[in-house]
Amino acid sequence: MDFLNKLLSWNFILVTALFSWFFAQVLKTVINCLLYRKVDISRMWGDGGWPSAHSATVCSMVAATARVEGIDSTMFAIAAVVAIITMHDAMGVRWQTGEQAKVLNHMISEWLDQGAQKLPFLGDKQLKEMVGHTPIEVISGAIVGFLVGFLMPMSV
């Protein structure tokens, strides 16, 4: 308990954000196990999926910053802007990257089926498809983050 108290007093905002990331990743791994009926430990550090650990991390940072610095502080403004950009990027650019990867992976597998010997440069390449988030994954991650940020004890 003394270790946790020292850790939280060292940098409450950073520790809260990192804990929120860890909590969201564990939650994502458990949910993935329940949905697909198999243990995939790579979900613990993988991108994409429900809930968004990126959103949980930045939203807990915003909540913790609000608690420590106040909502009228420059630190809060910076945290809020970083959170907005991160969540927008997760739903926009990164989501579209995953969708493009699905199409390209399908095209590559079709080409390989038609004559792998003619396309040796493709080999067995597969692009990562889970890199972004749907809006519900981002929103649920944000909820997890705000809950962790507001419920994390400032001192134990």
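Look up a bit, the structure's there.
Small disclaimer: the values here were computed from a predicted structure and weren't measured. (Residues numbered from 1 in each chain as written. Predicted model: local features only at pLDDT ≥ 70, side-chain atom pairs only at ≥ 80, totals over all residues. Heavy atoms only, no water.)

## Observations concerning the nonpolar core
Note the following rule: To qualify as a nonpolar core, a set must consist of buried Ala, Val, Leu, Ile, Met, Phe, Trp, Tyr and Cys residues joined through side-chain atoms within 4.5 Å. Partly exposed describes any residue whose relative accessible area lies between the buried limit of under 20% and the exposed limit of over 50%, with all areas from a 1.4 Å probe on protein chains only and scaled to the type maximum. Where helices and strands are cited, they refer to DSSP runs of H or I of at least four residues and of E of at least two residues respectively, numbered from the N terminus. Note on contacts: a residue pair is in contact if any heavy atoms of the two residues lie within 4.5 Å.
Among the nonpolar cores identified, the biggest contains 11 residues, and these are V58, C59, V62, A66, F76, A79, A83, M87, A90, V138 and A142. If you list the elements that add at least two residues to this core, you get α3 (53-69), α4 (74-91) and α6 (135-151). Among the elements that take part in this core, α4 stands out by supplying 5 residues, more than any other. Dropping the residues within four chain positions of it, F76 is found in contact with V62, T65, A66, G70 and I71. With 9 residues, the next largest nonpolar core counts I13, A56, A64 and V144 among its residues.

## Remarks on helix α2 (residues 12-36)
Quick reminder: α-helices carry 3.6 residues per turn. Residues three or four places apart thus point the same way. Operational definition: In this scheme, a helix's expected span is set at 1.5 Å multiplied by one less than its residue total.
Along its 25 residues, α2 runs 36 Å from first to last C-alpha, staying within 8% of the 36 Å computed at 1.5 Å per residue. If you check which residues of α2 are buried, you get F12, I13, V15, T16, A17, S20, A24, Q25, K28, T29, I31 and N32.

## Thoughts on the environment of G141
The topology assignment puts G141 in helix α6. Assessed through its relative accessible area of 0%, G141 is described here as buried. Distance in space between the C-alpha atoms of G141 and H54 is 7.4 Å, their sequence separation being 87 residues. Ignoring sequence-local partners within four residues, the contact set of G141 consists of P51, S52, S55 and A56.

## Focus on the environment of A79
Relative to the assigned elements, A79 resides in helix α4. For the pair A79 and V58, spaced 21 residues apart in sequence, the C-alpha separation works out to 7.3 Å. Those residues within four positions of A79 in sequence are excluded, and the remaining contacts are M61, V62 and T65.

## Focus on the packing of α2 against α6
Worth spelling out the cut-off: All axes are obtained by fitting lines to C-alpha atoms, using only the stretch in contact for helices, and the reported angles, taken between N-to-C directions, cover 0 to 180 degrees. Under this scheme an angle from 65 to 115 degrees is roughly perpendicular, one under 35 degrees roughly parallel, and one over 145 degrees roughly antiparallel; angles in between are oblique. Crossings are sorted by hand: turned counterclockwise from the far helix by less than a right angle, the near helix makes the crossing left-handed, and turned clockwise it makes it right-handed. When residues are sorted by character, Ala, Val, Leu, Ile, Met, Phe, Trp, Tyr, Cys and Pro go into the nonpolar class, Asp, Glu, Lys and Arg into the charged class, and all the rest, Gly among them, into the polar class.
Running from amino to carboxyl end, α2 crosses α6 at an angle of 135°, the nearest separation of the two axes being 9 Å. Here α2 is positioned oblique relative to α6, judged by the angle of their axes. For α2 against α6, the interelement crossing comes out right-handed. Contacts from T16, F19, S20, F23 and L27 of α2 reach α6 at V144, G145, V148 and G149. Taken together, the residues of the contact of α2 with α6 break down into 5 nonpolar, 4 polar and no charged.

## Points about the packing of α3 against α4
Geometry of a packed helix pair, given as the angle between the helix axes and the separation of the axes. Their axes nearest at 9 Å, the elements α3 and α4 cross at an angle of 165°. Here α4 runs roughly antiparallel to α3, going by the angle between their axes. Remark: the crossing between α3 and α4 carries left-handed chirality. Counting all contacts with α3, which are made through H54, S55, V58, C59, M61, V62, T65, A66 and E69, the residues of α4 involved are M75, F76, A79, A80, V82, A83, T86 and M87.

These figures capture arrangement, not role.
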